[in-house]
Amino acid sequence: MQVAILMIHVAIAIALVVLILLQQGKGAEAGAAFGGGASQTVFGSRGSGSFLSRTTAVLAAAFFATSLTLAYFASQASEAPEAGIPDARLIEQQSGLPTLDDEARDVDNTAPVLEESDG
């Protein structure tokens, strides 16, 4: 379920980028207002502004919803018990082998000294 929502989220993000890049700036409307051939366009004399802006708004709302859904999934995953590496103290208790923290101080841990040769 989470992977499907993530794929939808990425598709919406790509569509938003494309739609935003397709839209014209506010300065481009001045030429269309004086009959700059806008009546023969696919979207009519008003241009593509209303269609593209409405589609962008719908996709932005969907992007926001998928973002919140993915955040909810991430918060639920952090509350679940971890199935990864157990605590080190638990491993030491289960193994029964001596550890570095044990009080067995009778072991000689000094490094060997190499003898120098006079040759």
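Just so it is clear, the model here is predicted, and its values are computed rather than measured. (Residues numbered from 1 in each chain as written. Predicted model: local features only at pLDDT ≥ 70, side-chain atom pairs only at ≥ 80, totals over all residues. Heavy atoms only, no water.)

Counting its regular elements, the protein contains four helices and zero strands. Ordered by position from the N terminus, the helices and strands of the protein form the series α-α-α-α. Here the protein, with 119 residues, has 10% of them falling under the buried criterion. Across the protein, the fraction of contacts at a sequence separation of at least 24, relative to all contacts at a separation of at least 6, is 84%. (Helix = DSSP H or I, 4+ residues; strand = E, 2+ residues; numbered from the N terminus. Buried < 20%, exposed > 50% of the residue type's maximum accessible area, 1.4 Å probe, protein only. Contact = heavy atoms within 4.5 Å.)

Now for helix H1 (residues 2-22). Between its first and last C-alpha atoms H1 spans 30 Å; for 21 residues at 1.5 Å apiece the expected length is 30 Å, and the two agree. For H1, the set of buried residues is Ile 5, His 9, Ile 12, Leu 16 and Leu 19. All buried residues of H1 lie within an arc of 95 degrees about the axis, which places them on one face of the element. Opposite the buried face of H1, at more than 90 degrees from it, the exposed residues are Val 3, Met 7, Ile 14, Leu 21 and Leu 22. (Expected span 1.5 Å × (residues − 1). Arc of directions from axis to C-beta.)

Another point: the packing of aromatic side chains. Tallied over the entire structure, the rule returns one aromatic pair. Both rings, one in Tyr 72 and one in Phe 73, keep their centres 6.2 Å apart while their planes meet at 50 degrees; by these two values the pair is tilted. A relative accessible area of 48% places Tyr 72 in the partly exposed class. Here Phe 73 falls in the partly exposed class, since its relative accessible area comes to 23%. (Phe/Tyr/Trp six-rings, centres within 6.5 Å; stacked < 30°, edge-to-face > 60°.)

Turning to the nonpolar core, a few remarks are in order. The biggest cluster of nonpolar side chains holds five residues, and these are Ile 12, Leu 16, Leu 19, Leu 52 and Leu 59. Of all the elements in the fold, those that place two or more residues in this core are H1 and helix H3 (49-79). Considering every element that reaches this core, the biggest residue donor is H1, with three residues. Once you skip the residues sitting within four places of it in the chain, Leu 19 turns out to touch Leu 52, Thr 55, Thr 56 and Leu 59. (Core = buried A, V, L, I, M, F, W, Y, C linked by side-chain atoms within 4.5 Å.)

Of all residues in the protein, 54% have pLDDT values of 70 or greater, and the mean over the chain is 75. Averaged pLDDT values over the elements of the protein bottom out at 57 in helix H2 (residues 29-33) and peak at 94 in H1. (pLDDT = per-residue confidence, 0-100.)

A word on the environment of Ala 57. One can find Ala 57 in helix H3. By relative accessible area, which is 45% here, Ala 57 ends up partly exposed. Along the chain, Ala 57 and Leu 16 lie 41 residues apart, while their C-alpha atoms are 9.2 Å from each other.

Together, Leu 6, Val 10, Ile 14, Val 18 and Leu 22 make up an exposed nonpolar region whose accessible area comes to about 460 Å². Following the sequence through the fold, Val 18 ends up in helix H1. (Patch = residues over 30% accessible without salt bridge, like charges linked within 9 Å, V, L, I, M, F, W, Y side chains within 5 Å. Areas by Shrake-Rupley, 256 points an atom, 1.4 Å probe, with all protein chains shown as cover. Salt bridge = Lys/Arg side-chain N within 4 Å of Asp/Glu carboxyl O.)

With that settled, consider the environment of His 9. Its relative accessible area of 14% is what places His 9 among the buried residues. For the pair His 9 and Ala 65, spaced 56 residues apart in the sequence, the C-alpha separation amounts to 9.0 Å. When sequence neighbours within four positions are dropped, the list of residues in contact with His 9 reads Phe 63, Thr 66, Ser 67 and Leu 70.

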